[in-house]
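Per-entry structural report
This is what each chain is made of:
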Amino acid sequence: MDPMKTYDLIVIGTGPGGYPAAIRGAQLGLRVLAVEAAEVGGVCLNVGCIPTKALLHAAETLHHLKVAEGFGLKAKPELDLKKLGAWRDGVVKKLTGGVAGLLKGNKVELLRGFARFRGPKEIEVNGEAYGAKSLIIATGSEPMPLKGFPFGEDVWDSTRALRVEEGIPKRLLVIGGGAVGLELGQIYHRLGSEVTLIEYMPEILPAGDRETAALLRKALEKEGLKARTGTKAVGYEKKQDGLHVLLEAAQGGSQEEIVVDKILVAVGRRPRTEGLGLEKAGVKVDERGFIQVNARMETSAPGVYAIGDVARPPLLAHKAMKEGLVAAENAAGKNALFDFQVPSVVYTGPEWAGVGLTEEEAEKAGYKVKVGKFPFSASGRALTLGGAEGLVKVVGDAETDLLLGVFMVGPQAGELIAEATLALEMGATVSDLGLTIHPHPTLSEGLMEAAEALHKQAIHILNR
Ligand SMILES: Cc1cc2nc3c(=O)[nH]c(=O)nc-3n(C[C@H](O)[C@H](O)[C@H](O)COP(=O)(O)OP(=O)(O)OC[C@H]3O[C@@H](n4cnc5c(N)ncnc54)[C@H](O)[C@@H]3O)c2cc1C
C-alpha cells in the first residue's frame, strides 16, 4: 500500500447529504475528498426523488387530458413508454452530471469506489488508504425487505418499479401506504394498472395528520385506486393466473386472497452501514441500525459525523442536505446545530404536505389547540385549474396565537408548504399568516384563509 493520502475532510457517499457537505466543506476552505461506490447523486437523483417525480408528471399530464375533456379538449393520447423511460433517464443524467460538475468546480476530489474504515480517521478504497481530520458518513439507505415477499422478478422494490418501459402489469399490489407506495401506486394506476394498495396502520401516511391523509386516500380511491388500511400481507403463492396473495386484518382474524401480476414492496428503508467497518472507527449504531448522532451531527467517534438516511429519520432529501451543511461547518471549526422544521411532501395528484405539529402532537405537548381550515373547493384559483380537491389546515395555540403546524392536501401543496415552514422558523403567529397579503387568485390564498378561519373570520367560507 502506498503512503496514505490525507485531506481535511473525507465525505463517504455523494447523495443529497454527501454532495452538499463536500461542497460546503470546500467553500469553507477545506481540502475535500468525496468517495462514491455507485452513481453520483445517490438515491434521490438516480432512483428516488427525481425519477419518481418525472414519472408522476408524465402520469399527471395524461390524467389532466381526461380532466380537460370537461372544458372541451378532446384528445386520444398514446404514451410511448420507451420514450418516457428515456426522458426520465435524461433528466437524471442532466442532474447527476450537474452535481459532478459542481463537485469539480468546487475543487472537491471525487473518488469512485467503496469506502471502508481502517481506523478512527482512516479509510480504504480500492486497496488504497486515505486519511482526514474529519469524516462525514453519508452512505444512505436501501429498501427494507418484507418477510414472505423476497425481492425478485415478481416482487419489486422501488428501483425496479421505476422501469415502466419494461411493461405495466395488469394488476399491481402495493404494500405500504407511505410516500413511496402512494406515488408509485398512482403512477401505475394512471398508466393503466389496476392498483390495490395496502397499509397496516388504520390510515395511510400514519406519521402525518390523519384528516388530510384520509382526504388524500379518498381522492386516490375516487380515481379508482383501491386502498385498504388496517390490512397486512402475509405471503403469496405463484399460480398460473398470477400471484395469489394472502391478506389479513392487521389485528389478525379475517383473511382473504387477492390475485395480482406484480407486487411492489414499499414498507420503508433501512440505513446502509454493511461492510463500512464502523466498529474500527468507534462509531456506534442504535438498535435499528441508524448511526447515533447529536445535534451537531457528531457520532460517538470524535471528528466523525453522520448525516442523512444513515443517521436518522425522517428519510428525506432536504433533511439530509441541511444535515450535510451542519456537519461540514462543524468539520471546519464552526458551531452549527440542526434545529430546523422539516416539511414533508407526497407528490401524488393531489399532493399532500405537512410541517410542524399535528393536532394530536400539539395537544400532547400541552398546547390549547385551535384549528382553522380552508377547502380548495372555495378557492377561485383551484377552480380555474380544474382541480378543487383538498384543504389547508392550520394548527395554532389558542393562548399565544403561535402557529404550530400546517397540513394540506391539494394542488401544489409541496410548493405551498415552504411558506408555512418559513412561518414556523420565524415564530409567526396565526395572525401573521392571515395579515400577509397573498396574491389573488393563487392557491397560496388557502393558507391565509385557513389562518383567518382559525379566528372565525375567513371571507370566502362561512365561519361556523
Ligand atoms: C422512490 C423514492 C422516492 C423518493 N422521493 C423523495 C422525495 O420526493 N423527496 C425527498 O425528500 N426524499 C425522497 N426520497 C428519499 C431520498 O431519496 C433520501 O432521503 C435521500 O436520498 C437520502 O440521502 P443520503 O445522502 O442520506 O443517502 P443516499 O441518497 O442513499 O446516498 C448515499 C450514497 O452513498 C453511497 N455509498 C454507500 N455506501 C458507500 C461506501 N461504503 N462507500 C462509498 N459510497 C457509498 C451510495 O452509493 C449512495 O450514492 C425518495 C426515496 C425513494 C426510494
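Everything numeric in this text was worked out from a predicted model, so none of it was measured. Residue positions are given per chain, counted from 1 along the sequence in the order it is written. Selection of residues for local features in this predicted model requires a pLDDT of at least 70, selection of side-chain atom pairs for listing and counting requires 80 or more, and totals for whole chains, interfaces and linings are taken over all residues. Remark: hydrogens and water are excluded; side-chain values derive from all non-hydrogen atoms of the structure.

**Quick look at the UniProt feature "active site" (unreviewed entry) in the protein**
Using the residue numbers shown here, the UniProt feature "active site" (unreviewed entry) corresponds to His440. As for its position among the elements, His440 is in the loop between helix H13 (430–435) and helix H14 (445–454). Any N or O atom pair separated by 3.5 Å or less is treated as a polar contact, with the protein-specific requirement of one donor-capable and one acceptor-capable atom, and with residues adjacent in sequence counted only for side-chain atom pairs. For His440, the side chain forms a polar contact with the side chain of Glu445, separated by 2.6 Å. UniProt positions are given in the numbering used here, feature names are shortened, and annotations may be inferred rather than shown by experiment. Here a strand is any run of E in DSSP of at least two residues, a helix any run of H or I of at least four, and the numbering for each starts at the N terminus.

**Side note on the UniProt feature "domain: FAD/NAD(P)-binding" (unreviewed entry) in the protein**
Residues annotated in UniProt with the feature "domain: FAD/NAD(P)-binding" (unreviewed entry) correspond here to residues 7–324. The distance from the first to the last C-alpha atom of residues 7–324 is 18 Å, and the span holds 32% helix and 27% strand.

**Notes on the site of the ligand**
With respect to spatial proximity, 39 residues lie near the ligand, and among them Gly17, Glu36, Val43, Lys53 and Ala317 are the closest. Val43 places a polar main-chain atom, nitrogen or oxygen, 2.9 Å from an oxygen atom of the ligand. A distance of 3.4 Å separates an oxygen atom of the ligand from a polar side-chain atom of His318. For the ligand, whose accessible area on its own is 1000 Å², the fraction buried by protein is 94%. In this text, near means that some heavy atom of the residue lies within 4 Å of the molecule or strand in question. Accessible areas in this description were obtained via Shrake-Rupley with a 1.4 Å probe; residue shielding takes into account the shown protein chains only.

**Some remarks on the packing of aromatic side chains**
What counts as a ring pair is set by centres within 6.5 Å for rings of Phe, Tyr and Trp (its six-membered ring), and what kind of pair is set by the plane angle: stacked under 30 degrees, edge-to-face over 60, tilted for all other angles. A complete count under the given rule lists 4 aromatic pairs for this structure. A ring pair is formed by Phe149 and Tyr236, whose centres lie 5.6 Å apart and whose planes are at 15°; its orientation type is stacked. Taken together, the residues span a long stretch of sequence, with Phe149 in the loop between strand S7 (141–143) and strand S8 (155–156) and Tyr236 in strand S12 (residues 231–239) at a distance of 87 residues. Both rings, one in Phe338 and one in Phe340, keep their centres 5.2 Å apart while their planes meet at 85°; by these two values the pair is edge-to-face. Against the face of Phe338 rests Arg312, its NZ or CZ located 5.3 Å from the ring centre. One residue, Lys322, lies across the ring of Phe340, its end atom 5.9 Å from the ring centre. By definition, being over a ring means that NZ of Lys or CZ of Arg is both within 6 Å of the ring centre and within 35 degrees of the ring normal.

**Here we look at the sheet that holds strand S22 (residues 403–410)**
Sheet architecture is open: 5 strands sit in the order S18-S19-S22-S21-S20, paired in antiparallel fashion. Edge strands, defined here as strands with exactly one partner in the open sheet, are strand S18 (344–346) and strand S20 (369–375). In this sheet, neighbouring strand axes are inclined to one another by 10° on average, regardless of whether the strands run parallel or antiparallel. We call two strands paired when DSSP finds no fewer than two bridges between them. Here 7 bridges tie S20 to strand S21 (residues 391–397), and the two strands are oriented antiparallel to one another. Paired with Pro375 across the strands is Leu391, a residue of S21. Against the sheet, helix H12 (residues 413–425) touches S18, strand S19 (351–356) and S22, its axis set at about 10° to S19. Axes, fitted as lines to C-alpha atoms, cover a helix only where it is in contact. Angles between the N-to-C directions of the axes lie from 0 to 180 degrees. Here, residues are in contact when the closest pair of their heavy atoms is within 4.5 Å.

**Thoughts on the pairing of strand S9 (residues 171–175)**
Of all 5 residues that make up S9, 5 are buried, and the element is covered over most of its length. To sort residues, take the accessible area from a 1.4 Å probe on protein chains only and compare it with the maximum for the residue type: under 20% means buried, over 50% means exposed, and anything in between is partly exposed. Taking every second residue as pointing to the same face, both faces of S9 are buried, with Arg171, Leu173 and Ile175 on one and Leu172 and Val174 on the other. Two elements, S9 and strand S10 (residues 194–198), share 5 bridges in a ladder whose sense is parallel. Paired with Leu172 across the two strands is Val195, which belongs to S10. Crossover S9 to S10 through helix H6 (residues 179–190) is right-handed. Here S9 runs beside strand S15 (residues 262–265); their pairing, made up of 4 bridges, is parallel. Across the sheet, Ile175 pairs through a bridge with Val265, a residue of S15. We call a crossover right-handed when, viewed with the strands running away from us, the connection from the first strand over the helix to the second turns clockwise.

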